[in-house]
Amino acid sequence: MTVRTRFAPSPTGRLHLGNVRAAAFNWLFARRHGGAFVLRIEDTDVERNVDGGEEGILEDLRWLGLDWDEGPGVGGPHAPYRQSQRNAVYAAAVDALLAAGRAYPCFCGEGDLESEIGKEGREVRHYLGRCRDLDPAERSRRLSGGGPAPVIRFAVPRGLASVDVDDEVFGPISFPASDIDDFVIRRSDGRATYNFAVVVDDVAMEITHVIRGVGHLSNTPKQALLFDALGRARPVFAHLPTVLGADGRKLSKRDGAAAVAELRRLGYPADAVLNYLSLLGWSHPEGKEVLARQELVDAVALERVGRSDTQMDPEKLLWISSQHLSREDPGTLAEHVAPFLDETRFAPARTHWKQVVEALRTRLSTYGDINEHLPILFGGAERGGEAASALAAYPGAPELLEAVCRALEGVDPWEEAPLAAAVRATGREVGTKGAALFHPVRLALVGSEAGPDLGKLLAALGREEALGRLRPGSAPGGGAKV
């Protein structure tokens, strides 16, 4: 069997971490088993669709690297992949159920529904089934009478005690059949209802695994009955636990802090977000938490998905992001950080950009953090007075800095390793080491005793700027000469 999974969002807003987590699991599972990942847009709820909603979803998925094998912009053998364009497919399925006696036209109105108070104290409406056994002649008369078009209801099998479903996460579940009325599969305006369209599409697109949030579990018994009535095997169902926000409430598309687009704007790496999404309800067999994309593909398995709700942890997401940044190749990291640079404040950083980013690498949790830390290298003038006072506490500092400057003038190439070696060699020559050597040099370069490794710091500043800050007459920390 070729594994075929799907993600079927509605274009009612941008993706948040709760619903894109389902996309991530479907993509990872399909890639793990060499299968196909299908993207289907459920856009029939026209009142809730928003302008640009579909485009935003596609953009978010592309950024996360969740490429689809079939769907909008890609095509495939089961096109079209937008529900609004599949009415003919739904009509054919309705006709098949009507012909088999598994569905019937219903002419009842709201007044024909029975009310009762449900378990949670809310009113529940039940359909009494009046049109199910309508005399065929009467049914024909009503259909040809020119009145409002009827809805089409699914005929739930009589005598059925329960609908039993095996879920890969929650195990065997039994739903009382008495809780399931003959439900509408086509509205009076001709539109297919959600549960019906989903099943017809899953059948037509040969979906083998339905992996989705546990909020859809209540839809499962109706959908299982529809698969049975259409004469098709049920797919494997796997319902993922609910993702709660940091405040303990359910995420929604209105929750901007959990929006994928917002994480992208802040500079989170896509692979780090995918890594974090995988940990929302799933655990690696070896307990690993920082995982590259291929490691996730190799390890993902439905049997390791938990049943309990899982909560967003912004601090953990930030930590995972920092770990991914620490593993990036220096050149690649510099490329990823570049779009976030505020050049109006830090234009000099461009001169030795790769070295600048490398010097600050360990301080970055996201690409967007760069402007927060660039003042370490290019904000020394603001600390000039404090740096001068601190430098005066080191006896012989002027002579030390002059010696370091002379040693660095002969370094070629101007790179981290030879620069760090030259500083250490100068310290040995003048009989200074440790803090007595490194602190005065950092004070002169960036106005602070703390900071990046001196080799990285010097490489980031570049030859001209670094030597200019070390030469006699320069203000400590890179300020104007005094």
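The sections below set out a description of the structure shown in this document. (Residues numbered from 1 in each chain as written. Predicted model: local features only at pLDDT ≥ 70, side-chain atom pairs only at ≥ 80, totals over all residues. Heavy atoms only, no water.)

### Focus on the environment of Leu 98
Okay, step 1: Relative to the elements of secondary structure, Leu 98 occurs in helix 3 (residues 87-99).
Okay, step 2: A C-alpha to C-alpha distance of 9.4 Å links Leu 98 and Arg 153, two positions 55 residues apart in sequence.
Okay, step 3: Excluding residues within four positions of it along the chain, Leu 98 makes contact with Ala 103, Tyr 104, Pro 105 and Ile 152. (Helix = DSSP H or I, 4+ residues; strand = E, 2+ residues; numbered from the N terminus. Contact = heavy atoms within 4.5 Å.)

### Notes on the packing of helix 11 (residues 330-337) against helix 13 (residues 353-360)
Helix-helix packing is characterised by the crossing angle of the two axes and by the distance between the axes.
Okay, step 1: Between helix 11 and helix 13, the shortest axis-to-axis distance is 9 Å and the interhelical angle comes to 95°. The angle between helix 11 and helix 13 places the two elements in the roughly perpendicular class. For the pair helix 11 and helix 13, the contacting residues are Pro 330, Gly 331, Leu 333, Ala 334 and Val 337 in the first and Trp 353, Lys 354, Val 357 and Glu 358 in the second.
Okay, step 2: For the contact of helix 11 with helix 13, the per-class residue count stands at six nonpolar, one polar and two charged. (Axes fitted to C-alpha atoms, helices over the stretch in contact; angles between N-to-C directions. Parallel < 35°, antiparallel > 145°, perpendicular 65-115°, else oblique. Nonpolar A, V, L, I, M, F, W, Y, C, P; charged D, E, K, R; others polar.)

### Quick word on the pattern of salt bridges
Okay, step 1: According to the stated counting rule, one finds 30 salt bridges in the structure shown.
Okay, step 2: Residue Glu 289 is joined to Lys 316 by a salt bridge in which the shortest nitrogen-to-oxygen separation is 2.4 Å. Here Glu 289, found in the loop between helix 8 (270-278) and helix 9 (293-299), pairs with Lys 316, found in helix 10 (residues 314-327); they are 27 residues apart in sequence, far enough to count as distant.
Okay, step 3: The residue Arg 350 makes a salt bridge to Glu 343 at a minimum N-O spacing of 3.3 Å.
Okay, step 4: Its relative accessible area of 34% is what places Arg 350 among the partly exposed residues.
Okay, step 5: For Glu 343, a relative accessible area of 40% puts it in the partly exposed group. (Salt bridge = Lys/Arg side-chain N within 4 Å of Asp/Glu carboxyl O. Buried < 20%, exposed > 50% of the residue type's maximum accessible area, 1.4 Å probe, protein only.)

### Concerning the environment of Arg 186
Okay, step 1: Within the secondary structure, Arg 186 is located in strand 9 (residues 184-186).
Okay, step 2: Sequence separation between Arg 186 and Pro 105 is 81 residues; the distance between their C-alpha atoms is 9.3 Å.

### What to know about the sheet that holds strand 6 (residues 151-154)
Whenever strands of a sheet pair, they do so through backbone hydrogen bonds, lying parallel or antiparallel.
Okay, step 1: Here three strands make up an open sheet; going across it, the order is 3-6-9 and the pairing antiparallel. If you trace the sheet from one side to the other, it starts and ends with strand 3 (103-106) and strand 9, each paired once. With direction set aside, neighbouring strand axes in the sheet form an average angle of 45°.
Okay, step 2: One ladder, built from four bridges, connects strand 3 with strand 6; its direction is antiparallel. Directly across from Pro 105, in strand 6, lies its bridge partner Ile 152. (Pairing = 2+ DSSP bridges.)

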